[in-house]
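Chain and residue survey
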Amino acid sequence: MSDTSIDSSKRTWLITSGCAGAVGAAAVAVPFVSTFQPSERAKAAGAAVEVDISGIKPGEKLTVEWRGKPVWIVRRTPEQIAELSKIDDELADPKSARKPSELTPSYARNEGRSIKPEFFVAVGICTHLGCSPGDKFVVGAQPSLPDNWPGGFLCPCHGSTFDMAGRVFKNKPAPDNLEVPPHMYLSDNKLLIGEDKSA
Amino acid sequence: MAEFKEVSPDAGNGEKLLNWVDNRFPLSKLYKEHLSEYYAPKNFNFFYFFGALSILVLVIQIVTGIFLVMHYKPDASLAFASVEYIMRDVPWGWLIRYMHSTGASAFFIVVYLHMFRGLIYGSYRKPRELVWIFGCAIFLCLMAEAFMGYLLPWGQMSYWGAQVIVNLFAAVPFIGPDLALLIRGDYVVGDATLNRFFSFHVIAVPLVLLGLVVAHIIALHEVGSNNPDGVEIKATKGADGHPLDGIPFHPYYTIHDILGVSVFLLVFTSIIFFAPEVGGYFLEYNNFIPADPLKTPLHIAPVWYFTPYYSMLRATTDVMINVLSIISALSAAYVVFKTSVQNKFKLVTAVGAAVLIVLLNIFDAKFWGVVVMGGAVIMLFFLPWLDHSPVKSIRYRPNWHKWLYAVFVVFFVILGYLGIQPPSEIGTLIAQVGTIYYFGFFLLMPVWTQLGEFKVVPDRVTFVPH
């Protein structure tokens, strides 16, 4: 066949069917990529957790699992509560102003980031890359911490530090304060994590 | 298509069979092109063992992997116990598993040395750009393969390592959180994550990896191997049309590589039998504790082969962002005021730097940490176009170039060491200096590789018969 006799209508149809095939292939990719999304079972696993907090002594922490994540319930001592208002200028976001809808429910937008000043509830996952910070409740100088350490949490992965209200200190890898999950008191000793009155 | 060939009726059965096959499949042709008539330079040195060795380790990983899959259970509630079952109850299971776990580290040792060889002898320069690019893609696949494989034992390090790395993707602006959700398949690293990583680790990534290895070798055999002198042996051919400085890969280098394989296996098996954990570097101690989503181990670090890049991630703090902003501003100012390039280019540089500085300060340091970490690997792809040196091999470069390479290697090792250590202020500072050197080394290559007194490259390779 010589190259002078190009059947242009045939070429048009070749291009058209090629494009139709590409659209079909892209459409088939949709269900495959969709399988990567959380399954219905994973979505259903987020039920609220009821916790009895009567056994926690002042200065102690209880960890419960909610949606596969650790949730801390810390009973702060009066000294720890008093310390919270003194360190505002060392913190990146002392008033919990960043991303309040995601990190701090309206009833926790106060100095202690809690409903009751004594009980602090937070998701124990660092806002940097998701490690779980460790307890550093002892005040004062110690390895990996500043000499005027007021008590709080230290993330082992990248060294972010948080105060006793889960507020992140300045110039640390973590950009935000720890997340306070939706929670409410069913009675004085019963706490429900995962649901609040607004829901 | 080749013409149908006949052999004489007196030929032996073997010859007849080969002829029958050759008329249907290019067996002899492939054997000649890739082995008996693939001419490799005769002056290969120590560093040229590592290409063949990486093939060996690839085979070890695939074979041991196939046997491990026969006993392993990719289920969050069974995975940890099934690995212990392989170690304790499966006959010789411990050997297969230690071969696989040691093989992972061995793969990176061999590949890092292989890449270093390419770096110092200019093996990425024209016409070998695609060989290098396929190689970089293999390196990326290898990192993905190692990372996903590390989740499978479902120990504490597996779990929290995956948690941190998946969260890296969440740092991408706008689409990050959804992307991380898509990778995990759940709101936390869980059974769904383990299952899909298993699928990727045992079939998806290895298929891509094998394809890339084939492409790497085909591209190499098309252009021919480089050598420590960076001399093109094809430029000097003998009367028979073969390079004067080339010798057939088989038998010369196949026999030669037996030495490398023997020494490698000596070290490899010593580790397997006497120190499979290598003091916590090949198998981290915290990974002997089952995954616990509620408690991060007090000290977590990736396996050693990721730590240079992990250090760069940790080094990218708010202070580092300010330093990077200043560096961008100063380099733009230098281009605009001190060089004599076209005004159009100056304008582009100034606007580019301004945009970069604004972006640096808009997004979190966390996101830029991910960019730095990824960029450090991706930048390798561009090496063929960054190096403007008139000679390929380090042998004919100015002596101070060798010092730049030496400092680069030292910083790479220091970054690796710091990535294993817990975060500290002085460590972060050193890692920041190392990170800036790493990027400066590559990004300033178009400038510094042209400077200095270059030595004369000989026409023939340097070779002393032995």
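Residues numbered from 1 in each chain as written. Chains lettered and ligands numbered in written order. Predicted model: local features only at pLDDT ≥ 70, side-chain atom pairs only at ≥ 80, totals over all residues.

1. Comments concerning the overall build of chain A
Along the backbone of chain A there are four helices and nine strands. Listing the helices and strands of chain A from first to last along the sequence gives α-α-β-β-β-α-α-β-β-β-β-β-β. The C-alpha radius of gyration computed for chain A amounts to 26 Å, which surpasses the reference 16 Å derived for 199 residues by more than 25%, pointing to a less compact arrangement than a globule. With respect to the principal axes defined by its C-alpha atoms, chain A has extents near 95 × 40 × 25 Å. (Helix = DSSP H or I, 4+ residues; strand = E, 2+ residues; numbered from the N terminus. Rg over C-alpha atoms; globule rule 2.2 N^0.38 Å.)

2. Looking at unusual backbone geometry
Omega for the peptide link from lysine 126 of chain B to proline 127 of chain B comes to 5°, which places this bond in the cis form. By the element assignment, proline 127 of chain B lies in the loop between α5 (93–121) and α6 (129–151). Of note, the amide linkage connecting histidine 250 of chain B to proline 251 of chain B takes the cis form, showing an omega dihedral of 10°. With respect to the helices, strands and loops of the structure, proline 251 of chain B is situated in helix α10 (residues 249–274). Here the phi dihedral of arginine 67 of chain A falls at roughly 50°; this positive angle occurs in a residue that is not glycine. Turning to its location among the elements, arginine 67 of chain A is positioned in the loop between β2 (61–66) and β3 (69–75). Exposure remark for arginine 67 of chain A: the 18 C-beta atoms within 10 Å place this residue in the partly exposed category. (Buried ≥ 20, exposed ≤ 12 C-beta atoms within 10 Å, placed from the backbone.)

3. A few points about the nonpolar core
Formed by 114 residues in total, the largest nonpolar core has its most connected members in Cys131 of chain A together with Met312 of chain B. At 13 residues, the largest contribution of residues to this core is made by α6 of chain B. For methionine 312 of chain B, the residues in contact, after removing those within four places along its chain, are Val372, Met373, Ala376, Leu415, Ala431 and Thr435 of chain B. (Core = buried A, V, L, I, M, F, W, Y, C linked by C-beta atoms within 7 Å. Contact = placed C-beta atoms within 7 Å.)

4. A few points about the interface of chain A and chain B
Contact residues are listed per partner, giving 25 residues for chain A and 29 residues for chain B. Mapped onto the side of chain A that touches chain B, the elements with two or more residues apiece are β2 and β3 of chain A. A per-class count over the side of chain A that touches chain B returns 10 nonpolar, 12 polar and three charged. (Nonpolar A, V, L, I, M, F, W, Y, C, P; charged D, E, K, R; others polar.)

5. With respect to the sheet that holds strand β5 (residues 134–136) of chain A
All names here are of chain A. Strand order in the open sheet formed by three strands is β5-β6-β7, and the pairing between neighbours is antiparallel. Pairing within the sheet leaves two strands with one partner each, and these edge strands are β5 and β7 (161–163). Strand-to-strand twist in this sheet, taken as the mean axis angle between neighbours without regard to direction, amounts to 30°. As paired elements, strand β6 (residues 152–154) and β7 share three bridges and run antiparallel to each other. Its bridge partner being in β7, phenylalanine 153 is matched across the sheet by phenylalanine 162. (Pairing = 2+ DSSP bridges. Axes fitted to C-alpha atoms, helices over the stretch in contact; angles between N-to-C directions.)

6. Quick notes on the sheet that holds strand β9 (residues 190–193) of chain A
Residue and element names in this part refer to chain A. The three strands lie next to each other as β1-β9-β8, forming an open sheet whose pairing is antiparallel. In this open sheet, the two edge strands, each paired with only one partner strand, are β1 (49–52) and β8 (183–185). Going from strand to strand, the sheet's axes swing by 20° on average, the running direction of each strand aside. Direction of pairing for β1 relative to β9: antiparallel, over a ladder of four bridges. Bridge assignment links valine 49 to a residue of β9, and that residue is isoleucine 193.

7. Some remarks on the environment of alanine 44 of chain A
With respect to the helices and strands, alanine 44 of chain A occurs in helix α2 (residues 40–44). Spatially, the C-alpha atoms of alanine 44 of chain A and phenylalanine 162 of chain A are 31 Å apart, while their sequence positions differ by 118 residues.

8. Comments concerning the confidence of the model for chain B
For chain B, the average pLDDT comes to 93, and 100% of its residues sit at 70 or higher. Confidence estimates for the predicted assembly give a pTM of 0.90 and an ipTM of 0.80. (pLDDT = per-residue confidence, 0-100.)

9. Overview of the packing of helix α12 (residues 318–338) of chain B against helix α13 (residues 343–362) of chain B
Residues and elements named next belong to chain B. Viewed as axis vectors pointing N to C, α12 and α13 meet at an angle of 170°, and their least axial separation amounts to 9 Å. Considering the angle they form, α12 stands roughly antiparallel to α13. Between α12 and α13, the residues in contact are Ile321, Leu324, Ser325, Ser328, Ala329, Ala332, Val335 and Val336 and Lys346, Thr349, Ala350, Ala353, Leu356, Ile357, Leu360 and Asn361, respectively. Among the residues forming the contact of α12 with α13, the class breakdown is 11 nonpolar, four polar and one charged. (Parallel < 35°, antiparallel > 145°, perpendicular 65-115°, else oblique.)

10. A word on the pairing of β3 of chain A
Residue and element names in this part refer to chain A. Sheet topology places β2 next to β3; six bridges connect them, and they run antiparallel. In the sheet register, threonine 63 faces β3, and the bridge partner there is tryptophan 72. Between β2 and the antiparallel strand that follows it, β3, lie two residues; arginine 67 among them carries a positive phi value of about 50°. Of the pairings in the sheet, the one linking β3 to strand β4 (residues 119–123) comprises five bridges and is antiparallel in character. Looking across to β4, one finds that tryptophan 72 is bridged to alanine 122.

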